[in-house]
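This is what each chain is made of:
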Amino acid sequence: MSKAILQLDALSCPSCMTKIQSALENQTGVATVKVLFNAAKVKADFDAEQISADQLANTVTDLGYEVKSVKTK
């Protein structure tokens with residue numbers, strides 16, 4: 001299992017958190033997602049054979065949020 005940390009530009013409301021979390025959890029290969037509102041970060045555990053960290057970032061971008069950086073472990 002791989003881990004990704006997406007640093008976002010900002011989150012303006014709690015419903016943004018829910019929207020991002022739901023969209024990522026519905027992606028094939030994503031095990032867990034945690035959105036940290038105050039830090040504007042998304043932490044995700046995923047299967048790198050099914051989805052990449054860049055694809056996770058693209059999902060968030062498609063929702064209208066700016067991803068400033070992507071780190072993987």
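Anything mentioned here points back to the structure above.
Owing to the predicted nature of the structure, the values given are computational and were not obtained by experimental measurement.

Colleague: Describe the pattern of salt bridges, naming the residues involved and giving the relevant values.
Modeller: Applying the stated criterion to the full structure yields one salt bridge. The shortest N-O distance in the salt bridge between Lys-3 and Asp-45 comes to 3.0 Å. Pair noted here: Lys-3 is in strand β1 (residues 2-8) and Asp-45 is in strand β3 (residues 41-46), with a separation of 42 residues, a long-range link. A residue is classified by how much of its surface remains accessible, and Lys-3, at 44% relative accessible area, is partly exposed.

Colleague: Give a detailed account of helix α2 (residues 53-62), specifying residues and quantitative values.
Modeller: An α-helical segment advances 3.6 residues per turn. Residues three or four places apart therefore align on the same side. Listing the buried residues of α2 in full gives Ala-53, Leu-56, Ala-57, Thr-59 and Val-60. Viewed along the axis of α2, the buried residues span an arc of 155°, placing them on a single side of the element. Exposed residues pointing more than 90 degrees away from the buried face of α2 are listed as Asp-54 and Asp-62. Looking at the buried residues of α2, the elements they touch are β1, α1 (14-25), β2 (30-36), β3 and β4 (67-72). Positive backbone phi, at 105°, marks Gly-64, one or two positions downstream of α2.

Colleague: Account for α1, naming residues and giving values.
Modeller: For α1, which comprises 12 residues, the first-to-last C-alpha distance of 17 Å matches the rise-based estimate of 16 Å (1.5 Å per residue) to within 8%. Here the buried face of α1 lies against β1, β2, β3 and α2.

Colleague: Quick one: what's the story with the environment of Leu-24, residue by residue and with numbers?
Modeller: In this structure, Leu-24 sits in helix α1. Look at Leu-24 and you get buried, because its relative accessible area is 0%. Sequence spacing of Leu-24 and Val-35 is 11 residues, and the spatial spacing of their C-alpha atoms is 10 Å. Sequence-distant contacts of Leu-24, defined by excluding residues within four places in its chain, comprise Val-30, Val-33, Val-42, Leu-56, Thr-59 and Val-60.

Parameters and conventions
Residues numbered from 1 in each chain as written. Predicted model: local features only at pLDDT ≥ 70, side-chain atom pairs only at ≥ 80, totals over all residues. Heavy atoms only, no water. Salt bridge = Lys/Arg side-chain N within 4 Å of Asp/Glu carboxyl O. Helix = DSSP H or I, 4+ residues; strand = E, 2+ residues; numbered from the N terminus. Buried < 20%, exposed > 50% of the residue type's maximum accessible area, 1.4 Å probe, protein only. Arc of directions from axis to C-beta. Contact = heavy atoms within 4.5 Å. Expected span 1.5 Å × (residues − 1).

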